[in-house]
Amino acid sequence: MVSPPPEPRVAVVVFLLKGRSFLLGRRRASVGDATFALPGGHLEFGESFEECAAREVKEETGLDLGENKIEFLTVTNNVFLEQPKKSHYVTVFMRVVLDAQEEHVIQNVEPDKCYGWDWFELENLPNPLFWPLEKMLKGGFDPFLN
Ligand code: 8DG
Ligand code: MG
Ligand code: MG
């Protein structure tokens, strides 16, 4: 059987900011296994970026964003043709500023897809970062400023 030609996909990922830190999880995936990445996933048919961000955060961390403002930050084009599993993502980065005074319970809801979540400061990021995120942060992008 002939498989259809591959197409780019849209991903929505979220900087959950709390004080000076944000949430990263270590991926369990064919793309970027063991690297640290933001919560997020594929945009579903008919969804807004904000709806997708809230749904993925809930599905992956258990956190309900409720009335929190979900802001668009930027978009990047990520072509990975050298990887064993070729992929091409248009990645939409969103931001949510959490109230640092409140307690936010984060659960690893999908342990088959993530080794666990933790908060990291921009000045003290873990290694290795998932490369679309690394490319963006090394390029000087600061999710706290934009
Ligand atoms: P879904 O079935 O829940 O929709 O998807 P998922 O299992 O949550 O997918 P994912 O791999 O977490 O995210 C989809 C793609 O988004 C991923 O393969 C590549 C792209 N992506 C980036 N940067 C990031 C990031 O920082 N975090 C996540 N999770 N995905 C990212 O380009
Ligand atoms: Mg997901
Ligand atoms: Mg995901």
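Thresholds, definitions, all that
Residues numbered from 1 in each chain as written. Chains lettered and ligands numbered in written order. Predicted model: local features only at pLDDT ≥ 70, side-chain atom pairs only at ≥ 80, totals over all residues. Heavy atoms only, no water. Phe/Tyr/Trp six-rings, centres within 6.5 Å; stacked < 30°, edge-to-face > 60°. Helix = DSSP H or I, 4+ residues; strand = E, 2+ residues; numbered from the N terminus. Buried < 20%, exposed > 50% of the residue type's maximum accessible area, 1.4 Å probe, protein only. Arc of directions from axis to C-beta. Contact = heavy atoms within 4.5 Å. Donors = N, O, S within 2.8 Å, 3.2 Å for Na, K, Ca; no water. Salt bridge = Lys/Arg side-chain N within 4 Å of Asp/Glu carboxyl O.

Concerning the packing of aromatic side chains
Alright, step 1. Applying the stated rule across the entire model yields eight aromatic pairs.
Alright, step 2. On the basis of an interplanar angle of 50 degrees and a centroid distance of 6.3 Å, the ring pair of F22 and F144 is categorised as tilted. Of the two residues, F22 is situated in strand β2 (residues 21-27) and F144 in the segment after α2 (131-138); the sequence distance between them amounts to 122 residues.
Alright, step 3. Their ring planes at 80 degrees and their centres at 4.6 Å tell us that F80 and W131 sit as a pair that is edge-to-face.

Re α2
Because the α-helix completes a turn every 3.6 residues, residues three or four places apart line up on one side.
Alright, step 1. Taken residue by residue, α2 has P132, L133, M136 and L137 as its buried positions. Along the axis of α2, the buried positions cluster into a sector of 125 degrees, meaning they face one direction only.
Alright, step 2. Summarising the contacts, the buried residues of α2 are in contact with β1 (9-18), β2, β3 (36-37), β5 (71-80) and β6 (87-98).
Alright, step 3. Positive phi appears at G140, one or two residues downstream of α2, with a value of about 95 degrees.

Quick word on the coordination of the magnesium ion (ligand 2)
Alright, step 1. Around the magnesium ion (ligand 2), the protein contributes the donor atoms E56 (OE) and E60 (OE), at 2.0 to 2.3 Å from the metal centre.
Alright, step 2. In this structure, the magnesium ion (ligand 2) is positioned 3.3 Å from the magnesium ion (ligand 3), and both are ligated by E60. Of the two residues, E56 and E60 both sit in helix α1 (residues 49-61), four residues apart, roughly one turn of that helix. In this pair, the class of E56 matches that of E60, namely buried.

Some remarks on the pattern of salt bridges
Alright, step 1. Throughout the structure, instances matching the rule amount to eight salt bridges.
Alright, step 2. E44 serves as the salt-bridge partner of R55, at 3.5 Å between the closest nitrogen and oxygen. Of the two residues, R55 sits in helix α1 while E44 sits in the loop between β4 (40-42) and α1, which places them eleven residues apart along the sequence.
Alright, step 3. Given the relative accessible area of 17%, R55 is considered buried.
Alright, step 4. In this structure, the salt-bridge partner of E134 is K138, at a minimum N-O distance of 3.3 Å. With a gap of four residues between them, E134 and K138 both fall in helix α2, about one helical turn apart.
Alright, step 5. Here E134 falls in the partly exposed class, since its relative accessible area comes to 25%.
Alright, step 6. Given the relative accessible area of 68%, K138 is considered exposed.
Alright, step 7. The network of salt bridges with common partners includes E44, E47, R55, E56 and E59.

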